[in-house]
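What follows is the residue order along each chain.
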Amino acid sequence: DCSIELTKTKLHSNTIETELTNSGGRPGIGLNFTYANNNIFRGSEILRLRAKVALEAQKVFGDNADYSTSTPFFNTIETGFEVSITFPRFLLPVNQEKFPKYFRPKTTTSLGFGYENRPEYERWQTSTAFGYDWKESERKRHQIYPFDWRLNNVTLSPEFEQELEDEPNDLIKNQYTDNLIMAIRYTFTYNTQDIRKLQNFFYFKGSLETAGNMLQLGSNLANVSTDSAGQYTIFSIPFAQYFKVNSDFRFFNVITKNNSVAYRLFLGTGVPYGNAEILPLEVGFYGGGANGMRGWPYRLLGPGSYSNPSDNFDRMGDIQLEANLELRFPVYSFIKSALFADIGNIWLINKQESYPGGDFRLNRFYKELAVDIGIGLRLDFNFFILRVDFAIPLVDPAKPENERWVMNKWQLSDIIINFGIGYPF
């Protein structure tokens, strides 16, 4: 005999959420509003409307600029609105019958608008996406987005605009310009974790992304003229063209319920070409922060052996190599701790005069790997983990080659404190 009991899901739902965020050690607070209709087209399609308001403490560029004085702690305001519809099946042109039902496929479409206000600039963002998500098995998941388009419009403050005009580094200047990204993205995830068993598990996430190829082809076929910088544009905005690939490997050696050793290896590279000489700000790689090289402030590591203490702009790279090791153990009740070590850096593919020593070279990249060690304190409340990590550099690639081991020069001011929500990886 089989007895099946069903509970009807509510058609409409409303949610108000408050959140604490951490972007590489930069704290923030947010408020989210969500409305959902769980059967919008009478086929279990889910319509979601999301609105958010957030405050974040961001690093201010140009400490000597007028706009950086008397800046409040939460100096960044973000607002946004997004509408999305999730279909519990593949939509055209995918033939549903060719895939097993246990794939549990989903098709997601979304349209979003965002606004960011910082002391240096205002940024308007528009995004639209269309993609498929399915599970080949309990361990394998696929995501492919044939359309992932983003438009960024930036308005600089007069002071920051003047600072950029005086900046000789084109890589920095291009990070604060309008850009259009029309990308295709594929992600594969493999996870052997079984929460019902106390055993070792492996996690892998790899992604491929490319942008601008169809626009470049169409511009060439239509014989469209370029702008003064030699780039093709759409509505006077140059579009990005690049190829990006990254892999995130993680292995968790579970010793007991509360004792484990976590290993992580991250490899990534992005190559701008065709209509772009530089990766967009949203696509590049960064070093430092609460979830990476914890011995350096967020986005202030590298590239390579580049050294300029007065340069407080975000440092972006085309290549990232990073490995992490963390021993996690309990202290008392909900208090837990960890000992960790991080090694890695970012590099540029091409040599840049503004970043001497920042390009990737096989004969010296291993000499430019930064190393840090540290200890972390975690408050595990089950529903979320509050984390603070204390890290200090062990090897600093920004120093001269024979002075990069800095352990014998440690000072209390060298300790970097990172706050985070959840485990770093």
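Just so it is clear, the structure is predicted and the values come from calculations on it, not from any experiment.

(A) Inspection of the overall build of the protein at higher detail. Scanning the protein from terminus to terminus reveals three helices and 18 strands. Expected size for 425 residues packed as a compact globule is a radius of gyration near 22 Å; at 23 Å, the protein falls within 12% of this value. C-alpha atoms of the protein, sized along the principal axes, occupy 75 × 65 × 45 Å. A fraction of 64% describes how many contacts in the protein between residues 6 or more apart in sequence connect residues 24 or more apart. Carbon and sulfur atoms provide 58% of the accessible area of the protein, an area that totals close to 23,600 Å². Each charge class in the protein can be summarised by its mean position, and for the 43 positive and 48 negative side chains these summaries are 10 Å apart.

(B) Fine view of the pattern of salt bridges. Applying the stated criterion to the full structure yields 27 salt bridges. Between Glu326 and Arg294 there is a salt bridge, with the nearest N and O atoms lying 2.8 Å from each other. Residue Glu326 is found in strand β14 (residues 319-332), and its partner Arg294 is found in the loop between β13 (260-272) and β14; the two are separated by 32 residues along the sequence. For Asp342, the salt bridge goes to Arg294, with nearest N and O atoms at 3.0 Å. Linking Asp342 in strand β15 (residues 335-347) with Arg294 in the loop between β13 and β14, this pair joins segments that are 48 residues apart in sequence. An identical accessibility class is assigned to Asp342 and Arg294; each is buried.

(C) Broad picture of the environment of Gly274. Structurally, the position occupied by Gly274 is in the loop between β13 and β14. With relative accessibility at 60%, the residue Gly274 sits in the exposed group. Sequence separation between Gly274 and Gln231 is 43 residues, and the spatial gap between their C-alpha atoms is 8.7 Å. Filtering out sequence-adjacent residues up to four positions away, Gly274 remains in contact with Gln216 and Gln241.

(D) Layout of the packing of aromatic side chains. For the structure on display, the rule yields 21 aromatic pairs. An angle of 80° between the planes, with centres 5.4 Å apart, marks the rings of Phe130 and Tyr132 as edge-to-face. In this structure, Phe130 and Tyr132 share a single accessibility class: buried. Lying over the aromatic face of Tyr145, Arg185 brings its terminal NZ or CZ to 4.6 Å of the ring centre. Sitting above the plane of the Phe285 ring, Lys244 keeps its charged end 4.9 Å from the centroid.

(E) Quick look at the side chain of Asn418. For Asn418, the location among the structural elements is in strand β18 (residues 416-421). A polar contact of 2.9 Å, which involves the side chain of Asn418, links it to the backbone oxygen of Arg294.

(F) Examining the nonpolar core more closely. Within the largest apolar cluster, 22 residues are counted, with the highest numbers of intra-cluster contacts made by Tyr176, Ile181 and Tyr242. Those elements that provide at least two residues to this core are α1 (158-165), α2 (170-174) and β8 (179-191). Once residues lying within four places of it in the same chain are set aside, the contact partners of Tyr242 are Arg150, Ile181, Ala183, Glu209, Thr210, Ala211, Val271, Pro272, Tyr273, Leu279, Pro280 and Val283.

(G) Just the pairing of strand β5 (residues 106-117), in detail. For strand β4 (residues 76-87) and β5, the ladder comprises eleven bridges, and the chain directions are antiparallel. Bridging from a neighbouring strand, Ile77 pairs with Asn117 of β5. Strand direction decides the pairing type here: β5 and strand β6 (residues 121-135), joined by twelve bridges, are antiparallel. The residue of β6 that forms the bridge with Glu116 is Arg123. Between β5 and β6, which pair antiparallel in sequence order, lie three residues.

(H) Broad picture of the side chain of Thr192. Locating Thr192 in the fold gives a position in the loop between β8 and β9 (201-211). A residue is classified by how much of its surface remains accessible, and Thr192, at 13% relative accessible area, is buried.

(I) Highlighting helix α3 (residues 213-221). Burial in α3 covers these residues: Leu215, Gln216 and Ser219. For α3, the angular spread of the buried residues around the axis is 100°, confining them to a single face. Every exposed residue of α3 that faces more than 90 degrees away from the buried side is listed here: Met214 and Leu221. Two residues or fewer after α3 comes Asn223, characterised by a positive phi angle close to 55°.

(J) How the structure looks around unusual backbone geometry. The omega torsion across Gly302 and Pro303 is -5°, close enough to zero to call that bond cis. By the secondary structure assignment, Pro303 is in the loop between β13 and β14. Residue Asn223 is not a glycine yet carries a positive backbone phi of 55°. Mapped onto the secondary structure, Asn223 falls in the loop between α3 and β10 (233-234). The class of Asn223 is exposed, set by a relative accessible area of 68%.

(K) A look at the environment of Ile172. Looking at where Ile172 falls in the secondary structure, it is placed in helix α2. A sequence separation of 68 residues divides Ile172 from Ala240, and the C-alpha atoms of the two residues are 16 Å apart. Leaving out residues up to four positions away in the same chain, Ile172 has contacts with Leu164, Glu167, Asp311, Phe313 and Tyr355.

(L) Summary view of a nonpolar patch on the surface. Together, Leu20, Ile29, Leu55, Ile77, Phe334, Phe381, Phe383, Leu386 and Ile421 make up an exposed nonpolar region whose accessible area comes to about 790 Å². The residue Ile77 is located in strand β4 in this model. Take Ile77: its relative accessible area is 40%, and that puts it in the partly exposed class.

About the criteria used
The written sequence of each chain sets the order in which its residues are numbered from 1. pLDDT decides what is reported in this predicted model: residues at 70 or higher carry local features, side-chain atom pairs at 80 or more are listed and counted, and totals for whole chains, interfaces and linings draw on all residues regardless. Water and hydrogen atoms were dropped before computing side-chain values, which therefore reflect all heavy atoms in the structure. Under the scheme used here, helices are H or I runs from DSSP no shorter than 4 residues and strands are E runs no shorter than 2 residues, and both carry numbers assigned from the N terminus. For the radius of gyration, the atoms used are the C-alpha atoms, and the globule rule reads 2.2 Å times the number of residues raised to 0.38. Any two residues whose heavy atoms approach within 4.5 Å at even a single point are treated as in contact. Here the Shrake-Rupley method, with its probe set to 1.4 Å, supplies the accessible areas, and only the displayed protein chains count as covering residues. His is not counted, nor are the chain ends, whereas Lys and Arg count as positive and Asp and Glu as negative. Note that the charge is assigned to NZ on lysines, CZ on arginines, CG on aspartates and CD on glutamates. The salt bridge definition used is simple: a Lys or Arg side-chain nitrogen within 4 Å of an Asp or Glu carboxyl oxygen. Only protein chains enter the accessibility calculation, which uses a 1.4 Å probe. A residue is then buried if its area is under 20% of the maximum for its type, exposed if over 50%, and partly exposed in between. Aromatic pairing here means that ring centres of Phe, Tyr or Trp (its six-membered ring) are within 6.5 Å. Orientation follows from the plane angle: under 30 degrees is stacked, over 60 is edge-to-face, and everything else is tilted. Geometrically, a lysine NZ or arginine CZ counts as sitting over a ring once it is within 6 Å of the ring centre and also within 35 degrees of the ring normal. The term polar contact refers here to a pair of N or O atoms within 3.5 Å; inside protein, the definition further demands a hydrogen-donor-capable atom paired with an acceptor-capable atom, and it admits residues adjacent in sequence only when both atoms are side-chain atoms. By convention a nonpolar core is built from buried Ala, Val, Leu, Ile, Met, Phe, Trp, Tyr and Cys residues, the set being connected through side-chain atoms within 4.5 Å. Strand pairing is assigned whenever DSSP identifies at least 2 bridges connecting the two strands. As used here, the arc belongs to the directions running from the helix axis to the C-beta atoms. For patch building, the residue pool is restricted to those with more than 30% relative accessible area and no salt bridge; the joining distance is 9 Å between like charges and 5 Å between nonpolar side chains (Val, Leu, Ile, Met, Phe, Trp, Tyr).

Geometric descriptors of this kind do not, in isolation, establish any biological role.
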